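Spelled out, the chains give:
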Amino acid sequence: MARATRIGLFEREVRERPARAALDLLFARAEVISEGQRSQRGGRDAYFGSTMLTFDLPELSVLLRDACDAATAVRLAALLEDDASVAKRVQELAKREAARVSGATPREVSTHVAIRAQGAKVFIDVDVEASF
């Protein structure tokens, strides 16, 4: 075995993340279903609801270079969970949907997000609580 006499100053790391153009496409073509209602609880005007986004990869296969299969869906779901820009997009979408369903613009919105893959689809489930 040869002994190293010189060492490198830098380590290289390859990181993978969803492509920005692909995220634009996914969110533009997502199936969005929202439900919820506004109510008075403890003297406070609030909205409680949920929003579900579905990314159907096979439906987008003519626009995507990668395989649109179950393995890709699992990989995409994992990457979406760790992407701060995705969290921001989901939060903004949840706020818009809460306003649409409730008929008023919320002052504050809090969300709980769960991302999962099933088959070749990725689902983003968002529990939404808003105050007015």
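Scroll up to find the structure this text is about.
Everything numeric here is computed off the predicted structure, so don't read it as measured data.

(A) Spatial organisation of the pairing of strand β4 (residues 121-131). Relative to β4, strand β2 (residues 44-56) runs antiparallel, the two being bridged by 11 bridges. When the bridges of β4 are listed, Thr 54 appears paired with Phe 123. Where strand β3 (residues 108-118) meets β4, 11 bridges bridge the pair, whose relative direction is antiparallel. If you follow His 112 over to β4, its bridge partner there is Asp 127. Adjacent in sequence and paired antiparallel, β3 and β4 are bridged by two residues, among which Gly 119 carries a positive phi angle near 60°.

(B) Layout of the pattern of salt bridges. According to the stated counting rule, one finds nine salt bridges in the structure shown. Across the salt bridge formed by Asp 24 and Arg 89, the nearest N and O atoms sit 2.6 Å from each other. Of this pair, Asp 24 sits in helix α1 (residues 20-29) while Arg 89 sits in helix α3 (residues 84-102), and the two are 65 residues apart along the sequence. Residue Asp 24 is classed as partly exposed on the basis of its relative accessible area of 44%. When the shortest N-O distance is used, the salt bridge between Asp 45 and Arg 38 registers 2.5 Å.

(C) Up close: the sheet that holds strand β1 (residues 31-41). With respect to topology, four strands assemble into an open sheet ordered β1-β2-β4-β3, the strand pairing being antiparallel. Either end of the sheet is taken by a strand with one partner, and the two such strands are β1 and β3. Neighbouring strand axes in the sheet, compared pairwise and without regard to direction, differ in orientation by 10° on average. Along the sheet face, helix α2 (residues 70-81) touches β2, β3 and β4 and points at about 155° away from the line of β3.

(D) Quick peek at α3. An ideal rise of 1.5 Å per residue puts 27 Å on 19 residues; α3 measures up with 27 Å between its terminal C-alpha atoms. For α3, every residue scored as buried is listed here: Val 86, Val 90, Leu 93, Ala 94, Glu 97, Ala 98 and Ser 102. Projected onto a plane normal to the axis of α3, the buried residues spread over an arc of 145° and lie on a single side. In α3, the exposed residues that point more than 90 degrees away from the buried face are Ala 84, Lys 88, Arg 96 and Arg 100. Buried residues belonging to α3 abut α1, β1, β2, α2, β3 and β4.

Here is what the cut-offs are and how they apply
- Numbers given to residues run from 1 along each chain, matching the order in which its sequence is written.
- Per-residue local features of the predicted model are confined to residues with pLDDT of at least 70, and side-chain atom pairs are confined, for both listing and counting, to 80 or more; whole-chain, interface and lining totals are unaffected and use all residues.
- For side-chain calculations, the full set of non-hydrogen atoms in the structure is used, while hydrogens and water are omitted.
- By definition, two strands form a pair when at least two bridges between them are found by DSSP.
- Secondary structure is summarised from DSSP: a helix means a run of H or I of at least four residues, a strand means a run of E of at least two, and numbering begins at the N terminus for each.
- Salt bridge, as used here, is a side-chain nitrogen of Lys or Arg placed within 4 Å of a carboxyl oxygen of Asp or Glu.
- The buried label applies to any residue whose accessible area, calculated with a 1.4 Å probe on protein chains only, is under 20% of its type's maximum; exposed applies above 50%, and partly exposed to all values in between.
- Between N-to-C directions, angles cover 0 to 180 degrees, with each direction set by a line fitted to C-alpha atoms, over the stretch in contact for helices.
- Note on contacts: a residue pair is in contact if any heavy atoms of the two residues lie within 4.5 Å.
- Between the first and last residue of a helix there are one fewer steps than residues, each counted as 1.5 Å, and that sum is the expected span.
- Of all possible arcs, the one meant is that of the directions from the helix axis to the C-beta atoms.

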